[in-house]
Amino acid sequence: MTLVQTTRSTFVGGLHVVEHQPPERVFEPVVLLLHGIGGSARSCVPLASELADRGVRAWCLDAAGYGESADPGADHDAVADVLRVADEISPERPLVLLGTSWGGVVALATALARPERIAGLVLADSTRGSGTTPDRAKAMRARSRDLAERGSAVVAAERAPRLLAPGADPEIAEAVRASMTALRHSGFAAAAEFMASTDHGPRLAEIVCPTLVLVGEHDVVTGVNESHLLAESIPGAQFHSISDAGHVAIQEQPAAAAALVTDFLEHLT
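Reading the values: the criteria
- Residues numbered from 1 in each chain as written.
- Predicted model: local features only at pLDDT ≥ 70, side-chain atom pairs only at ≥ 80, totals over all residues.
- Heavy atoms only, no water.
- 1 Å grid on protein atoms, 1.4 Å probe; cavity = no way out; pocket = protein on both sides within 12 Å on 5 of 7 lines; lining within 4 Å.
- Points joined across faces, edges and corners; volume = space filled by probe spheres on them.
- Helix = DSSP H or I, 4+ residues; strand = E, 2+ residues; numbered from the N terminus.
- Nonpolar A, V, L, I, M, F, W, Y, C, P; charged D, E, K, R; others polar.
- Salt bridge = Lys/Arg side-chain N within 4 Å of Asp/Glu carboxyl O.
- Buried < 20%, exposed > 50% of the residue type's maximum accessible area, 1.4 Å probe, protein only.
- Polar contact = N/O pair within 3.5 Å; in protein donor to acceptor, adjacent residues only side chain to side chain.
- Core = buried A, V, L, I, M, F, W, Y, C linked by side-chain atoms within 4.5 Å.
- Contact = heavy atoms within 4.5 Å.
- Pairing = 2+ DSSP bridges.
- Axes fitted to C-alpha atoms, helices over the stretch in contact; angles between N-to-C directions.
- Arc of directions from axis to C-beta.

**Student:** I keep staring at empty space enclosed by the protein and nothing clicks. Help me out?
**Tutor:** If you roll a probe as big as a water molecule over the atoms, it shows you where there is empty space left. If you walk through the whole model with that rule in mind, you get 1 cavity of 30 Å³ or more. In this model, the largest cavity occupies a volume close to 120 Å³. If you go around the largest cavity, you meet 13 residues; those closest to its centre are L61, A63, V82, W102 and V106. Elements represented by at least two residues in the lining of the largest cavity include exactly α2 (78-89) and α3 (102-113). Of the residues contributing to the lining of the largest cavity, the split by class is 8 nonpolar, 3 polar and 2 charged.

**Student:** How should I be thinking about the pattern of salt bridges in this particular structure?
**Tutor:** A side chain of one charge can pair with a side chain of the opposite charge when the charged atoms of the two come close. Considering all chains together, one arrives at 15 salt bridges under this definition. For E19, the salt bridge goes to R8, with nearest N and O atoms at 3.1 Å. In this pair, E19 is assigned in strand β2 (residues 15-21) and R8 in strand β1 (residues 6-12), connecting sequence segments 11 residues apart. Here E19 falls in the buried class, since its relative accessible area comes to 5%.

**Student:** Looking at this structure, how should I read the environment of D77?
**Tutor:** Inspection of the secondary structure puts D77 in the loop between β4 (58-61) and α2. With 117 residues separating them along the chain, D77 and F194 place their C-alpha atoms 9.1 Å apart. Among the polar contacts listed, one links the side chain of D77 to the backbone nitrogen of V79, at a separation of 3.1 Å.

**Student:** So what exactly am I meant to see when it comes to the nonpolar core here?
**Tutor:** Soluble globular proteins tend to bury their nonpolar side chains together. Membership of the largest hydrophobic core comes to 59 residues, with the highest contact counts inside it found for L32, W102 and L121. A total of 8 residues in this core trace back to one element, the largest contributor, which is α3. Among residues more than four places away in sequence, those in contact with L32 are W59, L61, V82, V85, I89, L95, V96, L97 and L98.

**Student:** Would you explain the side chain of S90 in this entry?
**Tutor:** Within the secondary structure layout, S90 lies in the loop between α2 and β5 (95-100). For S90, a relative accessible area of 6% corresponds to the buried category. Contact partners of S90, with chain neighbours within four places excluded, come to V30, L95 and R117.

**Student:** Looking at this model, I keep getting lost on the sheet that holds strand β8 (residues 238-242). Mind explaining?
**Tutor:** Consider a sheet: its strands pair through backbone hydrogen bonds, and that pairing is either parallel or antiparallel. Spatially, β1-β2-β4-β3-β5-β6-β7-β8 is the arrangement adopted by the 8 strands of the open sheet, whose pairing is mixed. Only two strands of the sheet have a single neighbouring strand rather than two, namely β1 and β8. Direction aside, neighbouring strands of the sheet carry axes that sit 20° apart on average. Examined bridge by bridge, strand β3 (residues 31-34) and β4 share 4 bridges and lie parallel to one another. Pairing of L34 across the sheet is with L61, part of β4. Contacts from helix α10 (residues 254-266) reach β3, β5, β6 (118-124), β7 (211-216) and β8, with the element oriented near 170° to β7.

**Student:** I would appreciate a short explanation of helix α5 (residues 152-159) in the present structure.
**Tutor:** Residue pairs spaced three or four apart in an α-helix point in one direction, given the helix's 3.6 residues per turn. Residues S152, V155 and A156 constitute the buried set of α5. The buried residues of α5 occupy an angular sector of 100° when projected down its axis, which confines them to one face. Tucked into the core, α5 has its buried residues touching α4 (134-150) and α6 (170-181).

**Student:** Please explain the side chain of Q251 as it appears in this structure.
**Tutor:** Position of Q251 relative to the elements: it lies in helix α9 (residues 249-252). Judged by its relative accessible area of 13%, Q251 falls in the buried class. Sequence-distant contacts of Q251, that is, excluding residues within four places in its chain, are made with S43, I172 and V176.

Here's what the structure looks like:
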């Protein structure tokens, strides 16, 4: 009989998480996947499924205000949310955070706040944050207002194609567009403010856990140079470019990303 991975959906407080349980566990660190500002837990499923097939216990989180998670409150703390989930899914051991774009910014903030809880970081098509300059912070906050004024369907139709590599699979392109169309302003606004208020640049040298930086070769959103900067600024970080992928590399090339992540995990154990 061929064993297959299983999935389980649950809630930690008001936060929705989906577990991808491998048929046979090979790697010890639990991996928690954090999606980008235009995504959701569903955006992480292609990579989580590939990781589970390779023996990784992978969880996908809907951030507050995304997917099936409750809306964020006025005093919302994205780092506290990640730590709450971490304490539920891996209470006795540090875990690996795998964050895409905004999710990578949250992952960095979590590693800086509670380094003893983080066994490793994977930063996919990510950034220091949008607070690196006043103009970038202003532009990020403007995106939140734009979503509120014009609606997610219009924004998705305009922005989703920029996230993909040239000649991207139409099914993946549609999944990216649908994910952005499903955005709720409550979650997007909280994420945009987090991005606009954050510049991890001055503190990247403080990251003490092993770190893997991945970027799609055609990423024009956060950009390949930004990922190079992250890898060069974080002590001992590895850098890999993923061919035939844009900003959503983990969706476009999940098998290639999973191979790099499992090699990274193998050296943690």
